[in-house]
Amino acid sequence: MLKKINSIFLVTASTIVLLSVGCKKGTFDINSPNPNVPSTVEPAFILPAAMTTTAVIVAGNPGGGSQSGNDLFNIYMGYWAVSGDYIPSAALLQYTLTTDFGSNIWDMAYPNLKNYNVIENTVDAGNNYRAIAKTMKALLFSRLVDIYNNIPYTDALNGGTNNFPTYDDAASVYKAQVDQLDSAVALINSAATSDAAPGDDDIMFSGDMDAWKTFANTVKLKILMHLTQTSDGPGYIQSKLSGMTTADFIGTGADAGVNPGYSNDANNHQTPLWNDIGSNTSGTTYTNNAYFRANSYAVNFYQSTNDPRIGLFYSPNSAGAIQGRAFGSTALEHNDVISGIGGPSLGKNPATTGSLQDPGQPAYIITSTESLFLQAEAVQRGFLPGNAAALYQSAVEESFRLLGVANYATAAATYTAQAGDATNFAGSSNKIKTIITQKWAALNTIDPVESWSDWRRLGIPSNLPISIYPGTTAPHIPYRLLYPTSEYNYNGQNVSGQGNIDAITSKIFWMP
Amino acid sequence: MRKLASLLSVLMLLCTFALAQTRTVTGRIMDEKGESIPFATIIESGTKNAAKADANGLFSIKIKEGAQLIVSSTGFNTQTVTPDATGVANVNLATKQAELKEVVVTAALGQMKQQRQLGYAATNIQSKEITATKPISVANGLTGKAAGLQINSVNNGLFAPTRMTLRGNRSLTGNNQPLIVVDGAIFNNDISTINTEDIQDVSILKGSSASAIYGSDASNGVIVINTKRGTRGKPQVNFSTTVQVETLSYMPELQNRFGSNGGEKFVNDFNDLSTYIPYENQSYGPEFNGRLVPLGRPIEDGTTQMVPYSGQGESAKKKFFDKGITTQNNFSYAAGDENSRFYLSLQDVQTRAIMPGDKGRRDVFRVGGSRTYGIFSANYTMSYTYKNTDYTNTGLVYELVMNTPMHVPLQNYKDWGNDRYSTPDGYYNDYFDNPWWVIGNQRQKNTDHNLTGNVQFNLKPLSWLNLSYRLAASNLSNRYEATSSPKSFSDFTKTNKVVLYSKPDGSGVDSVIESPKYNVVSEGNASYGNANYSNFLLSSDFIASMDKKLSEDFNLQASIGTTYIDNKITGIGVSGPLVIPVYNINNVQGVPTLAAGNTGNFFREARKLGLFGEATVGYRNFAFLHGSYRSDIDSRLSKDNRWIPYYDIDASLVVSDLINGMKDNRILSYVKVRGAHSVTGNASALGGGSAYIADGAYVINPTYNVAPGFPFGGLGGYSLSTLIANPNLKPEQVSENEIGLELGFLKNRFVLNASAYQSELTDGIVTANTASSTGSYFALLNAANTRNKGVELELRSAIIKNRDWTWYLNINYTHYENKVLSINGDVKSLGIAGANPNAYAVVGQPYPVIESRDWVRDDQGHVIVNATTGNPSRDPNLKVLGNATPKDILGITTNLRWKNLTFTATADYRGGYKIFNTIGQYMDFTGIASTTAITGRQRFVFPNSVYDDGTGKYVTNTNVTVDDANFNFWPGLYRSVGANYVVSADAWKLREAAITYDIPKNIFAATKIIQQATLTVAGRNLIMLRPKTNVWTDPEFSEDTGNGVGRTSEAQAPPTRIFSATLSITF
């Protein structure tokens, strides 16, 4: 009936209007597309933007502040401590995590994933772009699982049609990523010459699709190795790695890093790590550079193993020495006494050594050293064919190279020749422990989340200290982050369905 | 809906019947002055045969030869007349003593209707009631004059902005302000561009029933403004001139005991008040002692400014401000004869604000008229408004003045260019600029050109049928410029490290080496910004309407029509730093900055076509049934969601006409009951609440934005907007039910109009925060529901009405409640976009509410303090601290005349709500607020506090004092608790009062030129009564005109009073 009335009105009355104002068919179809901003964008413009954001999530400090992202994990993992020059945040020092701790990781990752989703779902984008999108999604989703366990996955990224995504079981998300990575490699393998090939817009490998296959395989290896302690893990890992060799993964000198053209010409053009703990374009150091200092646990480790990297992870204090501070210490130690983080380079731009060398350095997603340690563990556990000792040696060597140790190969050889399980693989009574200990030593500042995963999975380093701040009751560092405030505020029912989460005791599914 | 449709078609058929009579009489019903009386009743003597005059007083009736006509109209004496031989009867009715005239309302689509016909609430306000105190803006003239209408002046200053709502807020993120219709056309420019003198009358259609015919724009009610079109009779020329003086009425409460210290110098004892800091802005220093002290640092010529260390009191701050002067000159010419009318007016308003140097001008030119040629008639209006304002960074200057320490002689620094202690180098303050320097060097200019035209053609082929077509257009163009001069320091200022301190014993000064001033304040480049904006609106309406007697008893008024709107907005805004202060974008260093996002440069266009029909069936002029229906095609929405029906059905019954003899009852002579149900819509949330449809033009399209940091060299990067595009959006729906009762007492000397309504908004559009796991942070969704209900009472009375005395008194009262029923699924809270971060929609609460932090309290509400430090602590959770809109509004207007003297006044009360005073936070930061000195900066026991006695039990605190009552308490801990600044916003205001003297005609009769002359003295905002807890400012203020009401800021002018004198002469 309504439609009829509408039609009568339309015919009789609009005739007059159409005559008088001269409109024609399509008069009311003027609001699409938007003439001011693009409504559709080619993958070649989405991809570099998305990867630059991913770089901040993986290698920077998403959202800034002192309780977010990698900074938090660098502290927990014994790499960094909190300066004595600042009024302490008891919540940070006592592990009384709130839903705001690290929330930017989650809050940045999902919209970032949505951009990859657009590429993945654009058929015209071609196999290569879609494979890259799948790979980057797998990287981020698996990272979210490593930090939060169960997460929205199948329902996620559908804002507008599903504003309340349900949570997926973490194990199923994990396995789905392995499948996605396999299909990404398959897409690349089956790409036709007519499929669009990325070039400079691929800011990690400049369109080298073989490098992308290696990267996808390494992400897969990283996911699989996290499953070593699960009951069905070994069988699953074995099946998923069958037929693969160490040549399929990132090898020597092939650090996977994002670089859209980082430089010091604007603060937001600096590499994410520099943008966190470095200095602004006019040379004024960022607050986090002063807020975070060397942790005495790591300093002691490097000193006790005569590690030449100590002066590359940290800067000398006013007396020219490397001095750490215990996390949670209330001692009156000023910043001139305690070493800074990032190595010797800050303020000496351009520098060539250290974990933070240059505002223009790539944002490392997976370094060759991390890949080689993963391979060493896989070979040692019998999941891959190869020589674990050699892989271990080149992993350490690659770390020395990345940080700029002079004559790194020789220095690494001297270093690993020292007696003791912490360094000497051949003589080690627990080779996995040696691999993971050195992996921990190498990933300082560079990938603390992976170190945290190893500790949660294997308990290495076994003597990782907890905060000495008065009132700290936690028996160990946290196992996970709490779901972010945004979930409790805007997806309350679903997140509540995950039960009471305790950051100290609630485990990631792959933890023993 | 099916019923409504069949009703419509039956009515259409009925109108083809005609009734045979013997002789047709036509004529016009007028008052003593010859002005038309609309809707008078004409009865053939001795029969039931009756006719009704139209809105222009014209009537036509068929009667038997020789019959007489009885003409009556409420408020006039009934008269019996005999038509002349040619069948014409022009009748002049005499005004009845002490009885109110029947109100005629301009209903939707410009139709004039008798109050008795309406099934919904409407208030009519005549021009005299609006212009009594010569307000510049119509909005100020309407305040307090109708139930259900709330108008807030959100700030003072040049052409101060207002916010208007009818029956409160219903949409969470859409526009809640009523639709404004001027001369039948949708007017979506600033209401302050209208010259109040040009207004004939204003009809306020409150509920959505009244406005359903306007479709998806009308859920907030309609304000229908009719402008003057000329009058019949001798041409009238009017000239009037008004001078207004605006003065600051009161300041926030200040302390006058302590001078400067901002925490630079205290050792370990927080309460060390011993050191006075000469260059500091915060007033946490020692108590005034009257001695001469240095102020600021030594300057290049070797001198140091010395001032007495004593408070100068509130008056010193008041003196900073000027008297605002506004002159208003009006000229108008009105003429007309049987067939044509003409009106022309000019107005020039020149205004200087209380802020030194702020000035503005508004010129309005309007011409309007009509002409009738037999069955054809046409009318038109055209207006041009020029508005120009030139102002400084007004908010900043208020802040600087307010926070200047009390011993600083602010008036000494006017000559910022030459005076050695007033230049940027010499000014005492290390942290902030000299406010006089800001006035001289940071300027903004806004220029509006607003052109509107409106032409309407009517064809009356049959006596009962009218076809009309109207074309209306308005174009607003705005140019905004902001200039800022460079600020630089001498080498001496950059390097001087010597600061003089007065010795505590008053024996002289010590010189101390500190870091130079330059380490704290920076120099600044000149800068220039320029924005151009234009907004074009075209509307084109066709309406066919009929008004026909169907039988002895039944009358039908019906219309069908279409309305088409096209709105185009374009704009560009650029700015950048300059090396030389020649203010043009050409001189900008580097690439000029475009305003952020897609607002820097834009083109927006949207169109809408409305198809509508309505009908009123009247039975014997005492029972009326009215229905309306509309559907819109809105280009902003997807094809599937464009067709949404809006409708109304309402009815009224004049019971007193139904019951025999009741009409003549001396006590209760008029009784009318009415009821209405409607469904209307609102799509303004598409444009974030903008009144312009084009602002919501592209919301259903996904948007990609340039990603942060991009481009990197030649590499471009785009990311998907985190506001998800939603192609399924549809307009919000408001369903409203209303009932009303109208009573006339003592022969209509007292008329009471009561309404009660409840409305529910469903599918409310919200820019909802979404969990980031959806891949976006926000989504525009049809998700919110709200409910409004209220009672409105309007009492109009003519208490006395005789030759020497008349006394009218109108009282209106509104009680209003609303509630947020849902926001989005189980989401409980939504921040309201706008300048006020404390405005929230919270499920189960009124909308909006003020949310902020409170102290940590025990179950009884006592503040819990630390047993050792005596300090309370801040609750980390946001807490609802009160609703931000009044629950009760009472308005009283009176008009008392004795011979040639007339006194008019409007007062109102608003109550049952709270206000957050951000200015309090600022003043506690600087220590200028009276609060901070309440205990003389001595440690005190926090009022109404308890502490944990160590066993978990809370005991009343009588002896543990806060560990600091100075710098470490007020600007930090105390200020961080928003609840300390949330107080009752209840207030009584005497908004207007005026005395008008009609100069006796015999004085100028000899001139034979002057017909009438009046002299008026008036005042606005004369008195405000507010609770003692509100020590800050006018609770009516708001940070902007958006939905986020409930917070005043430090950037707002203190309240002012306005006095004016007007001479008006009619030739």
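As the structure is a prediction and not an experimental result, all values here were calculated from the model. (Residues numbered from 1 in each chain as written. Chains lettered and ligands numbered in written order. Predicted model: local features only at pLDDT ≥ 70, side-chain atom pairs only at ≥ 80, totals over all residues. Heavy atoms only, no water.)

Enquirer: Help me understand the overall build of chain B in this model?
Expert: The secondary structure content of chain B amounts to 12 helices and 56 strands. Dimensions of chain B, computed from C-alpha atoms along their principal axes, come out at roughly 110 × 75 × 70 Å. Residues classed as buried in chain B amount to 58% of the 1067 residues present. Within chain B, contacts between residues at least 6 apart in sequence are counted, and of these 70% link residues at least 24 apart. Just so you have it, chain B exposes about 40,800 Å², and 56% of that area is on carbon and sulfur atoms. Side chains of chain B carry 99 positive and 92 negative charges; the gap between the two charge centres is 7 Å. (Helix = DSSP H or I, 4+ residues; strand = E, 2+ residues; numbered from the N terminus. Buried < 20%, exposed > 50% of the residue type's maximum accessible area, 1.4 Å probe, protein only. Contact = heavy atoms within 4.5 Å. Areas by Shrake-Rupley, 256 points an atom, 1.4 Å probe, with all protein chains shown as cover. Lys, Arg positive; Asp, Glu negative; His and termini not counted. Charge placed at Lys NZ, Arg CZ, Asp CG, Glu CD.)

Enquirer: Hey, could you run me through the overall build of chain A in this one?
Expert: Each helix and strand counted, chain A has 20 helices and 4 strands in total. Taken over the C-alpha trace, chain A has a radius of gyration of 25 Å; the compact-globule value for 512 residues is 24 Å, and the two agree within 12%. A burial count over chain A gives 60% of its 512 residues as buried. Here the analysis covers contacts within chain A between residues at least 6 apart in sequence; of these, 73% occur between residues at least 24 apart. Counting only carbon and sulfur atoms, one obtains 52% of the accessible surface of chain A, whose full area is about 18,000 Å². In chain A, the 27 positive side-chain charges and the 39 negative ones have mean positions that sit 6 Å from each other. (Rg over C-alpha atoms; globule rule 2.2 N^0.38 Å.)

Enquirer: Looking at this model, I keep getting lost on a positive patch on the surface. Mind explaining?
Expert: Residues and elements named next belong to chain B. On the surface, a cluster of positive charge is contributed by Lys 33, Lys 101, Lys 128 and Lys 1001. Mapped onto the elements of the fold, Lys 33 is located in the loop between strand 1 (23–30) and strand 2 (41–44). We classify Lys 33 as exposed; its relative accessible area is 77%. (Patch = residues over 30% accessible without salt bridge, like charges linked within 9 Å, V, L, I, M, F, W, Y side chains within 5 Å. Salt bridge = Lys/Arg side-chain N within 4 Å of Asp/Glu carboxyl O.)

Enquirer: Sorry if this is basic, but what is going on with the pairing of strand 10 (residues 122–126) of chain B here?
Expert: If a strand is regular, its side chains alternate between the two faces of the sheet. Residues and elements named next belong to chain B. Across the 5 residues of strand 10, 4 count as buried, placing the element largely inside the fold. Examined bridge by bridge, strand 10 and strand 15 (residues 199–205) share 5 bridges and lie antiparallel to one another. Its bridge partner being in strand 15, Ile 125 is matched across the sheet by Val 202. (Pairing = 2+ DSSP bridges.)

Enquirer: For this particular structure, what's the right way to read the sheet that holds strand 5 (residues 69–72) of chain B?
Expert: All names here are of chain B. Here 4 strands make up an open sheet; going across it, the order is 3-2-5-6 and the pairing antiparallel. Unpaired on one side and paired on the other, strand 3 (50–52) and strand 6 (79–81) mark the two borders of the sheet. Pairwise comparison of adjacent strand axes, ignoring direction, gives a mean angle of 25° for this sheet. (Axes fitted to C-alpha atoms, helices over the stretch in contact; angles between N-to-C directions.)

Enquirer: Just checking my understanding: could you explain the pairing of strand 26 (residues 498–502) of chain B for this structure?
Expert: Residues and elements named next belong to chain B. Across 5 bridges, the pairing between strand 26 and strand 27 (residues 509–513) is antiparallel. The residue bridging Tyr 501 from the neighbouring strand is Asp 510, located in strand 27. The hairpin turn running from strand 26 into strand 27, its antiparallel successor, is 6 residues long, and Gly 506 in that turn takes a positive phi close to 80°.

Enquirer: For this particular structure, what's the right way to read the interface of chain A and chain B?
Expert: Interfaces are frequently sized by the accessible area removed from exposure as the parts join. Each partner contributes residues to the interface: chain A has 67 residues there, and chain B has 66 residues. Both faces considered, chain A and chain B share a buried interface measuring about 5,500 Å² in area, 66% of it formed by carbon and sulfur atoms. B:Lys639 serves as the salt-bridge partner of A:Asp29, at 3.6 Å between the closest nitrogen and oxygen. The interface formed by chain A and chain B holds 23 residue pairs in polar contact (both at pLDDT 80 or more) in total. (Buried area = accessible area lost by both parts, 1.4 Å probe. Polar contact = N/O pair within 3.5 Å; in protein donor to acceptor, adjacent residues only side chain to side chain.)

Enquirer: Sorry if this is basic, but what is going on with unusual backbone geometry here?
Expert: Across the junction of A:Ser32 and A:Pro33, the peptide omega takes the value 0°, indicating a cis bond. A cis amide bond links B:Tyr847 to the next residue, B:Pro848, at an omega of -10°. Of note, B:Pro848 is situated in the loop between strand 43 (839–842) and strand 44 (849–852). Of note in the backbone geometry, A:Asn306 takes a positive phi value of approximately 50° without being a glycine. Structurally, A:Asn306 can be placed in the loop between helix 12 (296–304) and helix 13 (310–313). Positive phi, close to 45°, is recorded for B:Leu746, a residue that is not glycine.

Enquirer: Quick question: what am I supposed to make of the packing of aromatic side chains here?
Expert: Centre distance and the angle of the planes are the two values used to describe a pair of aromatic rings. Tallying each qualifying case throughout the model produces 57 aromatic pairs over all chains. Taking 5.4 Å as the distance between ring centres and 50° as the angle between the ring planes, the aromatic pair formed by A:Phe400 and A:Tyr415 counts as tilted. Residue A:Phe400 is found in helix 15 (residues 388–403), and its partner A:Tyr415 is found in helix 16 (residues 408–417); the two are separated by 15 residues along the sequence. When sorted by exposure, A:Phe400 lands in the same class as A:Tyr415, which is buried. The aromatic ring of B:Tyr279 is capped on one face by B:Arg297, whose charged end is 4.7 Å from the ring centroid. Sitting over the ring of B:Phe602, B:Arg604 keeps its end group 3.8 Å from the ring centre. (Phe/Tyr/Trp six-rings, centres within 6.5 Å; stacked < 30°, edge-to-face > 60°. Lys NZ or Arg CZ within 6 Å of the ring centre and 35° of its normal.)

Enquirer: When you look at the pattern of salt bridges in this model, what are you seeing that I'm missing?
Expert: Oppositely charged side chains can form a pair if their charged atoms are brought close together. Here the structure, examined in full by the defined rule, presents 68 salt bridges over all chains. Measuring nitrogen to oxygen at the nearest pair gives 3.9 Å for the salt bridge that ties A:Lys222 to A:Glu450. Separated by 228 residues along the polypeptide, A:Lys222 in helix 8 (residues 209–225) and A:Glu450 in helix 18 (residues 448–458) bring together distant segments of the chain. Among the residues examined, A:Lys222 registers a relative accessible area of 11% and is labelled buried. Here B:Arg366 ties to B:Asp183 by a salt bridge, and the two come within 3.7 Å at their closest N and O atoms.

Enquirer: Quick question: what am I supposed to make of the environment of B:Gly764 here?
Expert: Note on placement: B:Gly764 falls in strand 39 (residues 750–769). As a C-alpha pair, B:Gly764 and B:Ser171 span 593 residues in sequence and 6.4 Å in three-dimensional space.

Enquirer: Help me understand the nonpolar core in this model?
Expert: Burial of nonpolar side chains together is a common tendency in soluble globular proteins. Judged by nonpolar contacts, the single largest core of 159 residues is most densely connected at A:Met204, A:Trp212, A:Phe215 and A:Tyr314. With 13 residues, helix 6 (residues 126–148) of chain A is the largest single contributor of residues to this core. Core analysis: the next-biggest nonpolar cluster, separate from the first, contains 64 residues, B:Ile299, B:Phe942, B:Phe967 and B:Ala1053 among them. (Core = buried A, V, L, I, M, F, W, Y, C linked by side-chain atoms within 4.5 Å.)

Enquirer: For this particular structure, what's the right way to read helix 18 of chain A?
Expert: For the α-helix, the turn length of 3.6 residues means that residues three or four positions removed from each other point alike. Residue and element names in this part refer to chain A. The buried count for helix 18 comes to 10 of 11 residues, which makes it a mostly enclosed element. The complete set of buried residues in helix 18 reads Pro 448, Val 449, Glu 450, Ser 451, Trp 452, Ser 453, Asp 454, Trp 455, Arg 456 and Arg 457. A positive phi of about 70° marks Gly 459, the residue just after helix 18.

Enquirer: Could you clarify how one ought to interpret the confidence of the model for chain A in this entry?
Expert: Note that predicted coordinates carrying low pLDDT should not be read in detail. Of all residues in chain A, 93% attain a pLDDT of 70 or more, and the chain-wide mean is 91. Contacts of residues 5–10 of chain A to residues separated by more than four positions or lying in other chains number 16 contacts, the stretch itself having pLDDT below 50. (pLDDT = per-residue confidence, 0-100.)

Enquirer: When you look at the confidence of the model for chain B in this model, what are you seeing that I'm missing?
Expert: Confidence along chain B averages 88 in pLDDT terms, with 96% of residues attaining 70 or more. Here the prediction assigns the complex a pTM of 0.85, and the interface score ipTM is 0.91.

Enquirer: Sorry if this is basic, but what is going on with the sheet that holds strand 43 of chain B here?
Expert: Strand pairs in the sheet, formed through backbone hydrogen bonds, run parallel or antiparallel to each other. Residue and element names in this part refer to chain B. Taken together, the 4 strands give an open sheet; going across it, the order is 42-43-44-46, and neighbouring strands pair in antiparallel fashion. Two strands in the sheet have a free side with no partner beyond their single neighbour: strand 42 (829–831) and strand 46 (879–883). The mean angle between the axes of side-by-side strands here comes to 40°, regardless of whether they run parallel or antiparallel. Inspection of the sheet shows strand 43 paired to strand 44 by 2 bridges, in the antiparallel sense. Bridge pairing in strand 44 places Tyr 840 opposite Val 849.

Enquirer: What exactly am I supposed to notice about the environment of A:Asp29 here?
Expert: Along the chain, the position of A:Asp29 falls in the loop between helix 1 (2–21) and helix 2 (43–59). In the structure, A:Asp29 is positioned 158 residues away from A:Leu187 in sequence and 39 Å away in space, judged by C-alpha atoms. Excluding residues that lie within four positions of it along the chain, A:Asp29 makes contacts with B:Lys639 and B:Arg642. A polar side-chain atom of A:Asp29 sits 3.2 Å from a polar atom in the side chain of B:Arg642.

Enquirer: What am I meant to see in a nonpolar patch on the surface here?
Expert: Residues and elements named next belong to chain B. A surface patch of nonpolar side chains, amounting to about 770 Å² of accessible area, comprises Trp 805, Trp 898, Leu 901, Phe 903, Ile 995, Tyr 997, Leu 1015, Val 1017 and Leu 1063. Put simply, the parts of the chain that give the nonpolar patch at least two residues each are strand 48 (901–911), strand 53 (987–998) and strand 54 (1012–1025). The topology assignment puts Leu 1015 in strand 54. Under the relative-accessibility criterion, Leu 1015 is labelled partly exposed at 42%.

Enquirer: Honestly, the packing of helix 6 of chain A against helix 7 (residues 170–189) of chain A in this entry has me stumped. Any pointers?
Expert: Helix-helix packing is characterised by the crossing angle of the two axes and by the distance between the axes. Residue and element names in this part refer to chain A. It is at 9 Å that the axes of helix 6 and helix 7 come closest, and there the two elements cross at 160°. Relative to helix 7, helix 6 is oriented roughly antiparallel. Crossing geometry of helix 6 relative to helix 7 is assigned as left-handed. For the pair helix 6 and helix 7, contact is made by Asn 127, Asn 128, Arg 130, Ala 131, Lys 134, Thr 135, Lys 137, Ala 138, Phe 141, Ser 142, Val 145 and Asp 146 and by Ala 170, Val 173, Tyr 174, Gln 177, Gln 180, Leu 181, Ser 183, Ala 184, Leu 187 and Ile 188, respectively. When grouped by side-chain class, the residues that make up the contact of helix 6 with helix 7 number 11 nonpolar, 7 polar and 4 charged. (Parallel < 35°, antiparallel > 145°, perpendicular 65-115°, else oblique. Left-handed = near helix turned anticlockwise from the far one by under 90°. Nonpolar A, V, L, I, M, F, W, Y, C, P; charged D, E, K, R; others polar.)

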